[in-house]
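Architecture and fold: a report
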Amino acid sequence: VINAGVLRKSGGTGTSGFATVTLTSSGTVQAQTGTLNIPSLTSNGGTFDVSAAALITYSGGHTINTGSAFTGAGVNRMTGGTTVFGGAITANNFEIAGGTVQGTATVATSAGSGITWSSGSFSGGGTLTLGPTGKMTVTGAGSKSIGGYTLANQGTLTWDASSGNVGVSGNGTV
């Protein structure tokens, strides 16, 4: 599916999504209610906007390129697979709740909670830079690791009391 316009989930509180199709988007994807599941995504500067009563989950392999923005009062949640970041992105209310982050990106946040890291790993030799307006919270008892990857903080990195340990290996750096 190629989206250069607006793709919107607007009805029902259940889960809707794409079974085995890759969504390639330079347009806007909106979840206004319920859950929209995207198992495979290539974003070329697309916007992923989630209303307060909604959720977008990313459960497979994803490529997030420069100009992509995760916005809204609801949550964009990565639950599995490998997500490769490339370039400057905006992430508000974006949760890494599983899977692996790779690639190199600079993250800005303008509202909301920024990135929440509750489970999953950063690996593969890339760098995620929290820019001066970037925010990340490390939370929850889920397994978290950094292997051969750099997490660079120029903004605000909060490690809450429930977060436990983060394993660092293979020249991983925080």
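Residues numbered from 1 in each chain as written. Predicted model: local features only at pLDDT ≥ 70, side-chain atom pairs only at ≥ 80, totals over all residues. Heavy atoms only, no water.

Quick notes on the overall build of the protein
Each helix and strand in the protein was counted, giving 0 helices and 21 strands. For 174 residues, the compact-globule estimate of 2.2 N^0.38 gives 16 Å, and the C-alpha radius of gyration of the protein, at 15 Å, lies within 12% of that figure. Considering only C-alpha atoms, the protein reaches an extent of 45 × 30 × 30 Å along its principal axes. Of all 174 residues assigned to the protein, the portion counted as buried reaches 45%. Put simply, 17% of the contacts in the protein that link residues at least 6 apart link residues at least 24 apart. Carbon and sulfur atoms provide 51% of the accessible area of the protein, an area that totals close to 6,900 Å². (Helix = DSSP H or I, 4+ residues; strand = E, 2+ residues; numbered from the N terminus. Rg over C-alpha atoms; globule rule 2.2 N^0.38 Å. Buried < 20%, exposed > 50% of the residue type's maximum accessible area, 1.4 Å probe, protein only. Contact = heavy atoms within 4.5 Å. Areas by Shrake-Rupley, 256 points an atom, 1.4 Å probe, with all protein chains shown as cover.)

So, the pairing of strand β9 (residues 54-58)
Burial of β9 is extensive: 5 of the 5 residues sit out of reach of the surface. Going residue by residue along β9, you find Ala 54, Ile 56 and Tyr 58 tucked away on one face and Leu 55 and Thr 57 tucked away on the opposite face as well. The pairing of strand β6 (residues 34-38) with β9 spans 5 bridges and is parallel. By the bridge assignment for β9, Thr 35 is matched with Leu 55. (Pairing = 2+ DSSP bridges.)

Section: the nonpolar core
Ranked by size, the top nonpolar core spans 35 residues in total, and within it Ile 56, Phe 122 and Leu 128 carry the most contacts. Ranked by residue count, the leading element in this core is strand β14 (residues 94-108), at 5 residues. Apart from the residues lying within four places of it in its own chain, the contact partners of Phe 122 are Ile 96, Val 101, Trp 117, Leu 128, Met 136, Ser 145, Ile 146, Gly 147 and Tyr 149. (Core = buried A, V, L, I, M, F, W, Y, C linked by side-chain atoms within 4.5 Å.)

Observations concerning the side chain of Asn 93
Positionally, Asn 93 belongs in the loop between β13 (82-91) and β14. Within polar-contact distance, the side chain of Asn 93 engages the backbone oxygen of Gly 72 at 2.8 Å. (Polar contact = N/O pair within 3.5 Å; in protein donor to acceptor, adjacent residues only side chain to side chain.)

Here we look at the side chain of Glu 95
Its location among the elements puts Glu 95 in strand β14. Residue Glu 95 is classed as buried on the basis of its relative accessible area of 15%. Looking at Glu 95, its side chain comes within polar contact range of the side chain of Ser 118, at 2.8 Å. Not counting residues within four places of it along the chain, the set of residues in contact with Glu 95 comprises Val 75, Asn 76, Arg 77, Met 78, Thr 116 and Ser 118.

Side note on the pattern of salt bridges
For the structure on display, the rule yields 1 salt bridge. Across the pair Arg 77 and Glu 95 runs a salt bridge, and its minimum N-O distance is 2.8 Å. Here Glu 95 lies in strand β14 and Arg 77 lies in strand β12 (residues 75-78), a separation of 18 residues in the sequence. Here Arg 77 falls in the partly exposed class, since its relative accessible area comes to 26%. (Salt bridge = Lys/Arg side-chain N within 4 Å of Asp/Glu carboxyl O.)

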